[in-house]
Amino acid sequence: MILEVAVLNVKAGLSADFEKAFSEAQKIISSMEGYISHQLQKCVEVENKYILLVNWKTLEAHTEGFRGSAEYQDWKKLLHHFYDPFPTVEHFEMVEGCRA
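Since this is a predicted model, take the numbers as computed values, not measurements. (Residues numbered from 1 in each chain as written. Predicted model: local features only at pLDDT ≥ 70, side-chain atom pairs only at ≥ 80, totals over all residues. Heavy atoms only, no water.)

Engineer: Please clarify how the sheet that holds strand β2 (residues 35-42) should be interpreted in this entry.
Structural biologist: Through backbone hydrogen bonds, the strands of a sheet pair up, either in parallel or in antiparallel fashion. Within the open sheet, the four strands sit side by side as β2-β3-β1-β4. Their pairing is antiparallel. Strand pairing shows two members of the sheet lacking a second neighbour, β2 and β4 (88-93), which therefore form its edges. The average undirected angle you get between the axes of adjacent strands in this sheet is 20 degrees. Contacting β1 (2-9), β2 and β3 (49-56), helix α1 (residues 15-29) runs over the sheet at an angle of about 175 degrees to β2. (Pairing = 2+ DSSP bridges. Helix = DSSP H or I, 4+ residues; strand = E, 2+ residues; numbered from the N terminus. Axes fitted to C-alpha atoms, helices over the stretch in contact; angles between N-to-C directions. Contact = heavy atoms within 4.5 Å.)

This is the structure:
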């Protein structure tokens, strides 16, 4: 399993609109092949900052499958105009023997 971690900095004053748009966009990502689960969390210390955590079966399910899909264009239209700067996205895998 691969964990996608995206730090999302939403433009000031647009958090409520972003959360509403994300509510719609999550239907897109959750329908994709290789998707396992996701969660969106809002930062307590920094206003307008979020983190998106998405579990994928493989790295390619995200980087090729989702990002290469027609559905990704809909995702972009719903969400990408909220970000400044554009999100940093990284992928992580579990360290064997280091899970509770």
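Now, onward.
Engineer: Sorry if this is basic, but what is going on with unusual backbone geometry here?
Structural biologist: Most peptide bonds adopt trans geometry, and most residues besides glycine take a negative phi value. Residue aspartate 84 is joined to proline 85 through a cis peptide bond whose omega torsion reads 0 degrees. By the secondary structure assignment, proline 85 is in the loop between α3 (70-79) and β4. A positive phi angle, near 70 degrees, is found at asparagine 48, a position not held by glycine. Residue class for asparagine 48 comes out buried when judged on its relative accessible area of 11%. (Buried < 20%, exposed > 50% of the residue type's maximum accessible area, 1.4 Å probe, protein only.)

Engineer: Would you explain the environment of methionine 32 in this entry?
Structural biologist: Within the element layout of this structure, methionine 32 appears in the loop between α1 and β2. On the basis of relative accessible area, methionine 32 is assigned to the buried category, the value being 12%. Along the sequence, methionine 32 and alanine 16 sit 16 residues apart, while their C-alpha atoms lie 25 Å from each other.

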